[in-house]
Amino acid sequence: MPTTPPNKNILLIGASRGLGHAMAAEYLRHGWNVVGTVRGGNRTLLHDLADRSGKRVEIERVDICEPDQITALRARLSGKRFDVLFVNAGVTNDPRETIAEVTTEEFVRVMVTNALSPMRVIEALHDLVSPAGTIGVMSSGQGSVSNNTTGMREVYRGSKAALNTLMRSFAARHSEDSRAMVLMAPGWVRTDMGGPDGRLSIEESIPNLVKVLLSVQGTPGLQYLDYLGRTVPW
Ligand SMILES: NC(=O)c1ccc[n+]([C@@H]2O[C@H](COP(=O)([O-])OP(=O)(O)OC[C@H]3O[C@@H](n4cnc5c(N)ncnc54)[C@H](OP(=O)(O)O)[C@@H]3O)[C@@H](O)[C@H]2O)c1
C-alpha cells in the first residue's frame, strides 16, 4: 500500500466472490476506498474483507437484473463521487450448450445478466463518476467476434459480444466525455465460473487487471483490453 493514501473511491458492482472480490482487495492494497455490492442477505467474502479493512470497504446491495434495485442504489449513493465505476457481475450457462440446444429461458437469463443489466447499471450510475474517472465493465476475450474461430461457449460469447457492442454505443453517444471507458478481458481464471482448469490464478489476473485500469485513467474513449493491457480485437 502507498505511504500516502490516494483518497480515491471505486464503486464495484458484483464484489461478493471471485474476480470482483479480488478486485476489491487489490484496490484496497492500492490505498483506495471501496463501495462493493453483493446481492441477497448472506454473508460473503466481501464482508470478511470489510471487517479487515478499517472501514475502507462499504457494502451495498443490488441485483443488477432488478431495475428497481438499481434505482434504489442510485438514490442511496446520490451525493457520492467515484473515480471508478466497474461492473463485474456476470453469469454463464453450461459452456457445452450450443445455440441449437439452449432454452429460451436460459438464453434470456444470460443475455439479460451479461449484456442488458450491466448497461442499465452504467446508464443509471455513470453520473456519479468524476470527469477524470473511469467507467469499466468486465467483458471477456470470448466477447471478441474476430477471435471466435472455435465456437463453443456460444451463448456466453454472444452475451459478451452484445455487451461490447452496447458499450460501444454508449461511448459513441458520449463521444465528448472526458472519462476513460474500458471493456476488460481478465483471461481464463480459476473461479467458480472459470472452473479448476482455468489458465490463470486470480493472483495472476487481477493485480495486472487493476494496473491496467489505473493506467487508462485520464485517457478518454473506449478501449477493449486484456489483463496485460493488450488490445483485444473486436
Ligand atoms: N473466470 C473467468 O475465467 C472469466 C473470464 C472472462 C470473463 N469473466 C467475467 O468476469 C466476471 C466475474 O467472473 P467470476 O469468474 O468472478 O465469476 P463468479 O465467481 O461466478 O462470480 C460472479 C459474480 O457476479 C455476481 N452476480 C452474478 N449475477 C448477478 C446479478 N444479477 N446481480 C448482481 N451480481 C451478480 C455474483 O454474485 P453472487 O455471489 O450473489 O452470485 C458474483 O459476485 C463475470 O462478468 C465473468 O463473465 C470471467
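The rules we used
- Counting starts from 1 at the beginning of each chain's written sequence and moves along it residue by residue.
- For a predicted model such as this one, the threshold for reporting local features is a pLDDT of at least 70, and the threshold for listing and counting side-chain atom pairs is 80 or more; totals across whole chains, interfaces and linings nevertheless cover every residue.
- Here the side-chain values reflect all heavy atoms present in the structure, with hydrogen atoms and water set aside.
- Secondary structure follows DSSP: runs of H or I at least 4 residues long count as helices, runs of E at least 2 residues long count as strands, and numbering of each begins at the N terminus.
- Contacts were defined at the residue level, with two residues in contact if any of their heavy atoms lie within 4.5 Å.
- A strand pair is defined by DSSP finding two or more bridges across the two strands.
- Here, axes are lines fitted to C-alpha atoms. For helices the fit covers the stretch in contact, and angles between N-to-C directions go from 0 to 180 degrees.
- One heavy atom within 4 Å of a molecule or strand makes the whole residue count as near it.
- Under this definition, polar contacts are N or O atom pairs within 3.5 Å; protein pairs additionally need one hydrogen-donor-capable and one acceptor-capable atom, and for neighbouring residues in sequence, both atoms have to be side-chain atoms.
- Per-residue and other accessible areas follow the Shrake-Rupley method at a 1.4 Å probe size, with only the shown protein chains counted as cover for residues.
- For classification purposes, an angle smaller than 35 degrees is called roughly parallel, one larger than 145 roughly antiparallel, one from 65 to 115 roughly perpendicular, and anything else oblique.
- Put simply, a crossing is left-handed when the front helix is turned counterclockwise from the back one by less than a right angle, and right-handed when it is turned clockwise.
- Amino acid classes used here: Ala, Val, Leu, Ile, Met, Phe, Trp, Tyr, Cys and Pro are nonpolar; Asp, Glu, Lys and Arg are charged; the rest, including Gly, are polar.
- Take the number of residues in a helix, subtract one, and multiply by 1.5 Å to get its expected span.
- The quantity called bend is, for any residue, the angle between two axes fitted respectively to the seven residues ending at it and the seven beginning at it.
- Categorising residues by exposure relies on relative accessible area from a 1.4 Å probe, with only protein chains included: less than 20% of the type maximum marks a residue as buried, more than 50% marks it as exposed, and the intermediate range marks it as partly exposed.

Peer 1: Can you help me understand the environment of His21 in this one?
Peer 2: In this fold, His21 is placed in helix H1 (residues 18–29). As a C-alpha pair, His21 and Pro207 span 186 residues in sequence and 12 Å in three-dimensional space. Sequence-distant contacts of His21, defined by excluding residues within four places in its chain, comprise Ala15, Ser16, Leu45, Leu46 and Leu49.

Peer 1: Explanation requested: the sheet that holds strand E6 (residues 180–185) in the structure shown.
Peer 2: Strands pair in a sheet through their backbones, by hydrogen bonds, and they do so in one of two ways: parallel or antiparallel. Strands sit in the order E3-E2-E1-E4-E5-E6-E7 across an open sheet of 7 strands; the sheet is parallel. Two strands in the sheet have a free side with no partner beyond their single neighbour: strand E3 (57–61) and strand E7 (221–226). Going across the sheet, the axis of each strand differs from the next one's by a mean of 20°, ignoring polarity. Strand direction decides the pairing type here: strand E2 (residues 33–38) and E3, joined by 5 bridges, are parallel.

Peer 1: Before we go on, may I ask you to explain the site of the ligand in this structure?
Peer 2: As a matter of local geometry, the ligand sits amid 28 residues, with Ser16, Arg17, Tyr156, Val189 and Thr191 nearest to it. Take Asp63: an N or O atom from its side chain is 2.9 Å from a nitrogen atom of the ligand. Ile64 has a polar backbone atom sitting 3.0 Å from a nitrogen atom of the ligand. For the ligand, the protein covers 92% of the area, taking 890 Å² as the surface of the free molecule. Of all the secondary-structure elements, those providing two or more residues to the shell around the ligand are H1 and helix H5 (154–173).

Peer 1: So what exactly am I meant to see when it comes to the packing of helix H3 (residues 67–77) against helix H4 (residues 104–125) here?
Peer 2: In a pair of packed helices, the angle between the axes and the distance between the axes together describe the arrangement. Relative orientation of the contacting elements H3 and H4 amounts to 30°, with a least axis distance of 10 Å. Compared by their axis directions, H3 and H4 come out roughly parallel. As for the relative orientation of H3 and H4, their crossing is right-handed in sense. Across the interface between the two elements, Pro67, Ile70, Leu73 and Arg74 from H3 touch Ser117, Arg120, Val121, Ala124 and Leu125 from H4. Its residues assigned to classes, the contact of H3 with H4 shows 6 nonpolar, 1 polar and 2 charged.

Peer 1: When you look at H4 in this model, what are you seeing that I'm missing?
Peer 2: Turn by turn, an α-helix covers 3.6 residues, leaving residues three or four places apart pointing in a common direction. Counted at 1.5 Å a residue, the expected span for H4 with its 22 residues is 32 Å, and the 30 Å between its end C-alpha atoms agrees. Val112 marks the point of greatest bend in H4, at about 40°. Residues Val110, Met111, Thr113, Asn114, Ala115, Ser117, Pro118, Met119, Val121, Ile122 and Leu125 constitute the buried set of H4.

Peer 1: Help me understand the packing of H1 against helix H2 (residues 45–52) in this model?
Peer 2: It is the contact of H1 with H2, at a shortest axis distance of 10 Å, that shows an interaxial angle of 15°. By the angle between their directions, the pair H1 and H2 is classed as roughly parallel. For H1 against H2, the interelement crossing comes out right-handed. Every residue of H2 that contacts H1 at His21, Ala24, Ala25 and Leu28 is listed here: Leu45, Leu46 and Leu49.

Everything listed is a geometric property; what it means functionally is a separate question.
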